[in-house]
Each structure stands twice: as structure tokens, then as C-alpha cells.
Amino acid sequence: MITYNWTFPQFVIEPSVDGLSDVVTAMVWMCTGVESTDGTSALNSGRVILKPPVPEHFVPYNQITEEMALGWLSQYINMQSVERMIALQIDRMRAPVQPINPPFVASSS
């Protein structure tokens, strides 16, 4: 079984946007998956640029929770697809495939 951990190592903050203070304009995210049977792990990461906040729903940087950040991220990326990609990476690391040259590349022997 793979356990996934979503983290946010960095936010990009604008001091003022449309009269709002400490506005998060972008988030760097990382998802790490660890296979419980042997500890094999893989990760995927990225950055999303957030839409300008709606004043009625605005949350300043110092009040953002991890749950809020996860909710925002789910509006921009398919988190289940990221987890599936990580699972595939782990499967490939656990059962490596021997690479071979394409048939149109001359052999060195």
C-alpha cells in the first residue's frame, strides 16, 4: 500500500492586490508516495498560479490552513492523477526494465 503526503514548501505572496493584503498568488506543491512494504518512494511536484481572490472569500496568508491549500490545489490539478503517476513510478522502480537500443541504432559490437 502506498501512503501519499501532500506538502506546500512555498507560497508566493503579493503584499497588496486590489486592496487585499498578503495575497497568495502561487503555490509550490509536492506529493510524496511511500510503499509500506519496502519503503520505495517517489515524488512529483509543481507550481500553480492562483486566480485573483474574490474579496468575500479572501483568506490572508497567515490564516491559511493545510486543508485550504489542498482544496485550492484540487481546483488546479487532478490530485488522483498525480498519485497514480507516483504509483507507476514506484512500480517501475520495484521492477526495473533492462533498456535496449532501438532497432535502427547500430550495435557497438
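Since the model is a prediction, treat every value here as computed from it, not as a measurement. (Residues numbered from 1 in each chain as written. Predicted model: local features only at pLDDT ≥ 70, side-chain atom pairs only at ≥ 80, totals over all residues. Heavy atoms only, no water.)

## Brief notes about the sheet that holds strand β2 (residues 20-35)
Here we have 3 strands laid out as an open sheet, ordered β1-β2-β3, and antiparallel in their pairing. With one partner strand each, in any of the chains shown, β1 (2-17) and β3 (41-49) form the two edges of the open sheet. The sheet shows a mean angle of 15° between the axes of neighbouring strands, direction not considered. With 13 bridges joining them, β1 and β2 adopt antiparallel strand pairing. Note on β2: the bridge partner recorded for E14 is V23. On top of the sheet, helix α1 (residues 66-74) reaches β1, β2 and β3; it is set at about 90° to β1, its chief contact. (Pairing = 2+ DSSP bridges. Helix = DSSP H or I, 4+ residues; strand = E, 2+ residues; numbered from the N terminus. Axes fitted to C-alpha atoms, helices over the stretch in contact; angles between N-to-C directions. Contact = heavy atoms within 4.5 Å.)

## Looking at helix α2 (residues 79-94)
Taking 1.5 Å per residue as the helical rise, α2 with its 16 residues ought to reach 22 Å, and the 23 Å between its terminal C-alpha atoms agrees with that figure. For α2, the full list of buried residues reads M79, V82, I86, A87 and I90. Viewed end-on, α2 has its buried residues packed into an arc of 140°, placing them on one side of the element. Residues of α2 that are exposed and angled more than 90 degrees away from the buried face: Q80, R84 and R92. Structurally, α2 contributes buried residues whose contacts are with β1, β2, β3 and α1. Its side-chain oxygen 3.1 Å from the backbone nitrogen of Q80, N78 forms the N-cap of α2. (Expected span 1.5 Å × (residues − 1). Buried < 20%, exposed > 50% of the residue type's maximum accessible area, 1.4 Å probe, protein only. Arc of directions from axis to C-beta. Polar contact = N/O pair within 3.5 Å; in protein donor to acceptor, adjacent residues only side chain to side chain.)

## Concerning the side chain of E35
Of note, E35 is situated in strand β2. A distance of 2.8 Å separates the side chain of E35 from the backbone nitrogen of M1, its partner in a polar contact. Side-chain polar atoms of E35 contact the side chain of T37, separated by 3.1 Å.

## Concerning the pattern of salt bridges
Inspection of every chain in the model, using the stated rule, returns 2 salt bridges. A salt bridge links E35 to R94; its shortest N-O distance comes to 3.6 Å. Here R94 lies in helix α2 and E35 lies in strand β2, a separation of 59 residues in the sequence. You can call E35 buried: its relative accessible area is 7%. Residue classification places R94 among the partly exposed residues on the basis of a relative accessible area of 41%. When the shortest N-O distance is used, the salt bridge between D38 and R94 registers 2.9 Å. Linking D38 in the loop between β2 and β3 with R94 in helix α2, this pair joins segments that are 56 residues apart in sequence. (Salt bridge = Lys/Arg side-chain N within 4 Å of Asp/Glu carboxyl O.)

## Comments concerning the pairing of β3
On any regular strand, side chains alternate: one points to one face of the sheet, the next to the other face. Pairing of β2 with β3 involves 9 bridges; the strand directions are antiparallel. Looking at the pairing, V34 lines up with S41 of β3. Taken together, β2 and the strand that follows it, β3, pair antiparallel across an intervening segment of 5 residues, in which G39 is found at a positive phi of about 80°.

In short, shape yes, function no, at least from these values alone.
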